[in-house]
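# Summary of structural features
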Amino acid sequence: QCQLSGLWRNEQDSLMEILAVRDDGDFQGKYLTRVTLASSCACASPLKGAQQQPSEGGWPTFAFTVLWDKFSNASTAFAGQCFMDAGGKETPTTTWLLHKAVGSLEEDWKATR
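These lines cover the structure that appears in this document, whether it is placed above or below. Being a predicted model, the structure only gives us computed values, none of them experimental.

Here strand E4 (residues 45–51) shows a clear split, with Ser45, Leu47, Gly49 and Gln51 buried on one side and none of Pro46, Lys48 and Ala50 buried on the other. When strand E3 (residues 26–32) meets E4, the two strands line up antiparallel, connected through six bridges. Considered in E4, the bridge of Phe27 is made with Gly49. Here E4 pairs with strand E5 (residues 61–67) via five bridges, running antiparallel. Directly across from Gly49, in E5, lies its bridge partner Phe64.

The sheet contact formed by strand E1 (residues 6–9) and strand E2 (residues 15–21) spans four bridges and is antiparallel. Along E2, the bridge assignment pairs Trp8 with Met16. The antiparallel pairing of E1 with E2 creates a hairpin that spans five residues between the two strands, and Asp13 there sits at a positive phi of about 70 degrees. Alignment of E2 against E3, held across six bridges, turns out to be antiparallel. Looking across to E3, one finds that Met16 is bridged to Tyr31. What sits between E2 and E3 in their antiparallel hairpin is a turn of four residues, with Gly25 showing a positive phi close to 95 degrees.

Criteria and cut-off values
- Residues numbered from 1 in each chain as written.
- Predicted model: local features only at pLDDT ≥ 70, side-chain atom pairs only at ≥ 80, totals over all residues.
- Heavy atoms only, no water.
- Buried < 20%, exposed > 50% of the residue type's maximum accessible area, 1.4 Å probe, protein only.
- Helix = DSSP H or I, 4+ residues; strand = E, 2+ residues; numbered from the N terminus.
- Pairing = 2+ DSSP bridges.

Given below as structure tokens:
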């Protein structure tokens, strides 16, 4: 079974640290995106999420949000699943949506990527 807690690096060199997954699946941690490392604000942003308790032999699904409050008025929601390869390497995979603040309802169409 995959353990989400720990330090993870993605293919874009962003870092995510999940401190601990509680018995009910809730977790929190911090996310340091490579975008901030290239700017003057190398700030970690808080993340909160939950892991679905996997069935016997299953791979857990999870979801979490990151609030980019230190350098942007935006939030990102991630959803994914954790896998383990034949060599025992754990790999969480995710899909994400980023929503940035816009000035009006008419501009909402361009707020999500």
